[in-house]
Each structure stands twice: as structure tokens, then as C-alpha cells.
Amino acid sequence: MTDFRERIAAAYDTEAFRREGRQLVDTLADYLRQAERGEGLPVLPWAAPAVNVDRFAASFPEEPTGDFAELMASVLSGSNHLHHPRYVGHQVTAPVPLAALCDAVSSLLNNGMAVYEMGPVSTAMERNVLRWMAARLGMPESTDGVLTSGGSLGNLTALLAARQARAGYDAWNDGAHAGPPLAVLVPTTAHYCVSRATRVMGWGSGGVVPVPVDSRFRLRPEALGPALESATRAGRKVIAVVASAGSTATGAFDPLEPVADFCERHGLWFHVDAAHGAAAVLSSEYRHQTRGIDRADSVVWDAHKGLLMPALVTAVLFRDGARSFESFAQEASYLFGNTERPWSDVGLRTMECTKEMMALKLYTCLRVLGTRLFADAVTESYTLARRFAERLSAAPDFDVPVAPDCNIVCFRHTPAHVPPEEWDALQARLRERLVTRGDFYLVQTKLPTGVYLRVTLINPLTTDADLDALMEALRTAARR
């Protein structure tokens, strides 16, 4: 027992923590300086999965090694560098450094948030952050909701509430098949997590009824009626329409006003997956693209996209705040004590029980850095995407299938010496060359007309010069 107490004392030693913390912050600051300048640092230091498995082998010793600094240096050098200005890949931002310090506080305090007394400060912060987000969306004071871990879980949470509200039977307590099979109308461009959510709820492959999109990959409102009729003839009860504000593949914003009108006429729940695009409401120049979002019954908004937060921080907002309790309706008396459903016991409204203090970083950054920074970041990223699309369109060897709605640009390199039937294979080959060399990190997507490269200009450190360099890097790679 004496040896154990000595080991515990060493593990919790405050002076050792101080030394390691100071050294780590210095290391992180030096890393950030290098990453932000992109100097001598690949965006992604490519290594095959098996190589990294061997590099970080499970050779855990019984006794302390004291190699924390060395291990963190290995983590930094081998990871994908999202603060590099030539990271233009997935919809995950380069978080403001202040948020990382908040994560350290959250991890040390470890205040899980199922019940208020386990997370009193973060619960209060979450309530006020959600109020601020709802106000920005133009939603009424009755709006309430939760923060949860990612858009996939956020969309599931919203659709569970929609089921309780519109199914016509108590699916939570009586089962998914206590009434007619349910369905939602969803644009063909929607994120796969919507289909995953309906399958989790037991609706099967028919739970999602696809709605056609137009040439700009936006939901066609006139197609909602035929889709509803088709689902009804097939024996499905449609309970909701899911629209996108910033779709994953192209960043398209569906026309929300006519979708809201349709839902109102037919008594359907109106859900907006605005994980990527909700932050547009902060921009005076681009908020018009979200017109109608204030009429939604539920909205999902990822702060780890447009609000420069580390993953994951997702808001699920309900126009009628009381509906936020209907996603997960069972009682847990050992936690919540009574059946009055107090707003302060967050575990009543989210899949997570021991939830981290995710509101801490968003609340702190909004309060300390000010909201204008985030509004400007949205405007600049959307404007940068438009400038890039214009330069691509003006170049004879690039093709842009659709003008960007937000900060996502799809394009392909079409050099004269490569026949059109080989363009799809060329895009995949070019991406692999640039990514494995560490020059850029970008992704690709498949549209009806073929394979396209895709960039998300979500890193506020990316400039026009970086994007011009991307075009030249693609041209050079295509000639080899």
C-alpha cells in the first residue's frame, strides 16, 4: 500500500504537472508557429496505417518512463496539421488556440453533465450559448436544446423528437412498429447520417424517401408533393422533411422557405441539418442563404465547423423547447430524482450521460475573443471560395460544376493532353500525389457528371496565394 501511495502521489504531483504543462504549452506554441506559416512542415506526414500502428505500439511499461515530452513530439509530428494554410480538406476547422486551453480545463475538472450538480458551471454556460445561437438563427424565446457530440448524433436526437411529436403513437415506449412504418423526405444530397439515424430507429431502407435536387444540388420544393404521395402509396407515414443548409458534397443550401411552407401545409416536422452552414447567419453578407431556418422545428449546428471550435461541439435546437425532452423519454430516478424534467439536468435530453464540458470552450471564446471574429471568419471563408471558383472557371484547364454557396468548392483539372474519359481517374491520382507528398490536404467527391476534387476553405489561415499554388501543384502533378 505504501508503494501505491507513492505512485499515486507522483502521478498527481502538482509541481511535475506545472513543469510538464509549461513545457507542453511552449512546444504547442512553437508547433503552431511552424504550422501556421507552413514552413518545413507537410500538411499530412503520410504513413501507412500499419506503420503508425508499429510506431505507437502497445508496449506499456509497468513503471513510469517520464517520456511525456518525447511522446507528444511524436504525436505532433505525425498528425494531420489542420493549422497549415494548405489544409483544405474535410469540414473540420483549425481551432482557435484559446479553445485548446479550455479543453485542458475541461479534462482536469472532468465535470460530467448528466445532472446539474455534476456540471454546474458548464450547464449554465450551455444554456446561454444555446440561447445565443437560437437568437442568431431568429428562433423564438421558446427555443431550447442541448450540445452533443457531432452532427450525426445531433440529427438522430432531432429525428427522435420528431418521431415522438408526429408518429401518432408512443414509439419510444411501445416500440418502433407500434404503428404504421414511418419515413422522412430527404434531398438526395443529404449527409448519410440521416439515413443512418432512420435505420437506427428501426425504419429500414424505406425510412428515407429521396427528394430530387436541381442542377445546383439544392432540394426541389416542387418535388416534395410527389415524394409524399409516393411514400403514402407505399404504406409509409411521412412525419418530417429534412433540408440541408450547407450540404456535405457541394455545400448547397436548400430553399428553406418553400420547404417550411410545405411542412406547414401537411403538418410535417421541419428539420434543418445546418451542421455546416448555420454559421452563415452570423454574416451580414451571406445570412440570406439561411432564410426560413427560423421556421424550423429543429436545427443542428456544428460549432467545430463555422465557429472555429475543436471537435466535437454540436447544438441541437428545438423551436418548442419542451420537445427537447422527447428524444429520450425514459426515467432514471437515481439521477434525476423526480419527473418534472428540469432543464438543468442535461442528461434527460441527450444520448450522452457523462458528457464533457463542451460549452466551456465555445462560451469562453465568444466572451473573450468577441463574436465579430467568428462572423468575419464566416464571411471571409465564403468570399474566398467564390474568388477561387472564379479563378478556376476562368482557367481553360479546370472545370467547376457548380458555383459555391458557402466555403466548399468542387472542381477538376482537365488538361488538354488527357482525354475526358480519363478525367475521373486523373482526379484520384492527382489527389493521392499531393496528399502523400504533404503538399496539400484536399479530398474528392463523386457528382453525377464524375469525380471531382473538393476543398473546404475552413482554415482562416488559408489565402488566395495558397489556392493559386494548389492549381499549379495540380498542373505539375498532371504533367508527370
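So, how was this worked out
Residues numbered from 1 in each chain as written. Predicted model: local features only at pLDDT ≥ 70, side-chain atom pairs only at ≥ 80, totals over all residues. Heavy atoms only, no water. Helix = DSSP H or I, 4+ residues; strand = E, 2+ residues; numbered from the N terminus. Rg over C-alpha atoms; globule rule 2.2 N^0.38 Å. Buried < 20%, exposed > 50% of the residue type's maximum accessible area, 1.4 Å probe, protein only. Contact = heavy atoms within 4.5 Å. Areas by Shrake-Rupley, 256 points an atom, 1.4 Å probe, with all protein chains shown as cover. Lys, Arg positive; Asp, Glu negative; His and termini not counted. Charge placed at Lys NZ, Arg CZ, Asp CG, Glu CD. Core = buried A, V, L, I, M, F, W, Y, C linked by side-chain atoms within 4.5 Å. Domains from an automatic or database assignment. UniProt positions renumbered as here; feature names shortened; annotations may be inferred. Polar contact = N/O pair within 3.5 Å; in protein donor to acceptor, adjacent residues only side chain to side chain. Pairing = 2+ DSSP bridges. Axes fitted to C-alpha atoms, helices over the stretch in contact; angles between N-to-C directions. Patch = residues over 30% accessible without salt bridge, like charges linked within 9 Å, V, L, I, M, F, W, Y side chains within 5 Å. Salt bridge = Lys/Arg side-chain N within 4 Å of Asp/Glu carboxyl O. Buried area = accessible area lost by both parts, 1.4 Å probe. Parallel < 35°, antiparallel > 145°, perpendicular 65-115°, else oblique. Left-handed = near helix turned anticlockwise from the far one by under 90°. pLDDT = per-residue confidence, 0-100.

Details of the overall build of the protein
Helix and strand content of the protein: 17 helices and 11 strands. Radius of gyration (C-alpha) of the protein: 24 Å, near the 23 Å computed for a compact globule of 480 residues. Taken along its principal axes, the extent of the C-alpha atoms in the protein is 75 × 65 × 40 Å. Across the 480 residues that make up the protein, the buried fraction comes to 50%. A sequence separation of at least 24 residues applies to 72% of the contacts in the protein between residues at least 6 apart. Here the protein has roughly 22,200 Å² of accessible surface; of this, 53% comes from carbon and sulfur atoms. Computed over 48 positive and 55 negative side-chain charges, the inter-centroid distance for the protein is 4 Å.

Section: the nonpolar core
Membership of the largest hydrophobic core comes to 67 residues, with the highest contact counts inside it found for Leu-185 and Trp-301. Among the elements that make up this core, the one with the highest residue count is helix α6 (residues 120-137) (7 residues). Two domains each donate at least three residues to this core, and these are domain 1 (13-110 + 370-479) and domain 2 (111-365). If you look at the next biggest cluster of nonpolar residues, it comprises 36 residues, including Phe-440, Leu-470, Ala-473 and Ala-477.

What to know about the UniProt feature "modified residue: N6-(pyridoxal phosphate)lysine" (unreviewed entry) in the protein
As recorded in UniProt, the feature "modified residue: N6-(pyridoxal phosphate)lysine" (unreviewed entry) lies at Lys-305. Structurally, Lys-305 is set in helix α12 (residues 303-306). With residues near it in sequence (within four places) discarded, Lys-305 still touches Gln-91, Thr-93, Ala-275, His-276 and Ile-458. Within the structure, the side chain of Lys-305 is placed 2.6 Å from the side chain of Asp-302, a separation counted as a polar contact.

A look at the sheet that holds strand β3 (residues 208-211)
The 7 strands lie next to each other as β1-β7-β6-β5-β4-β2-β3, forming an open sheet whose pairing is mixed. Each having just a single partner strand, β1 (144-148) and β3 make up the two edges of the open sheet. Direction aside, the axes of adjacent strands within the sheet are offset by 20° on average. Here strand β4 (residues 237-244) pairs with strand β5 (residues 269-273) via 5 bridges, running parallel.

Quick word on a nonpolar patch on the surface
Taken together, the side chains of Phe-4, Ile-8 and Tyr-12 make up a nonpolar region of the molecular surface, amounting to roughly 310 Å² of accessible area. One can find Phe-4 in helix α1 (residues 2-11). Residue classification places Phe-4 among the partly exposed positions, given a relative accessible area of 36%.

Some remarks on the domain arrangement of the protein
For the protein, the domain assignment lists domain 1 (13-110 + 370-479) and domain 2 (111-365). A C-alpha centroid distance of 28 Å is found between domain 1 and domain 2. Facing 39 residues of domain 1, the contacting portion of domain 2 comprises 36 residues. Between domain 1 and domain 2, a total of about 3,200 Å² is buried, with carbon and sulfur atoms accounting for 62% of that surface. A per-residue breakdown of the area domain 1 buries against domain 2 is headed by Gln-91, Phe-374 and Asp-405, which together make up 20% of the total. Linking domain 1 with domain 2 are 3 salt bridges. When the shortest N-O distance is used, the salt bridge between Arg-216 and Asp-405 registers 3.4 Å.

Side note on the packing of helix α2 (residues 14-37) against helix α4 (residues 68-78)
For the pair α2 and α4, the least separation of the axes is 11 Å and the interaxial angle reads 20°. Judged by the inter-axis angle, α2 sits roughly parallel to α4. Where α2 crosses over α4, the two elements pack in a sense that is right-handed. On the side of α2, the interface is formed by Glu-20, Gln-23, Leu-24, Thr-27, Leu-28 and Tyr-31, while α4 contributes Phe-68, Ala-69, Met-72 and Leu-76.

So, the pattern of salt bridges
Overall, the coordinates contain 24 salt bridges when judged by the stated rule. We note a salt bridge from Asp-30 to Arg-33, for which the minimum N-O separation is 3.2 Å. Of this pair, Asp-30 and Arg-33 are both found in helix α2, 3 residues apart, which corresponds to roughly one turn of the helix. Here Arg-349 and Asp-144 are joined by a salt bridge, their closest N and O atoms 2.9 Å apart. One end of the pair, Arg-349, is in the loop between α13 (333-336) and α14 (358-369); the other, Asp-144, is in strand β1, with 205 residues separating them in the sequence.

With respect to the pairing of strand β2 (residues 182-187)
In terms of residue burial, β2 counts as a mostly covered element, since 6 of its 6 residues are buried. Of the two faces of β2, the one lined by Leu-182, Val-184 and Val-186 and the one lined by Ala-183, Leu-185 and Pro-187 are each fully buried. Strand direction decides the pairing type here: β2 and β4, joined by 4 bridges, are parallel. Paired with Leu-182 across the bridge in β4 is Lys-237. Judged from the 4 bridges that link them, β2 and β3 form a sheet pairing that is parallel. Its bridge partner lying in β3, Leu-185 is registered against Val-209.

With respect to the environment of Ala-389
Relative to the assigned elements, Ala-389 resides in helix α15 (residues 371-394). With a relative accessible area of 6%, Ala-389 lands in the buried category. As a C-alpha pair, Ala-389 and Pro-401 span 12 residues in sequence and 9.8 Å in three-dimensional space. Leaving out residues up to four positions away in the same chain, Ala-389 has contacts with Val-400, Pro-404 and Val-409.

A look at the confidence of the model for the protein
Residue-level pLDDT values for the protein average 93, and 97% of them are 70 or greater. Here residues 330-337 is a poorly scored stretch, pLDDT under 50, and it has 11 contacts once near neighbours within four places are set aside; other chains count.

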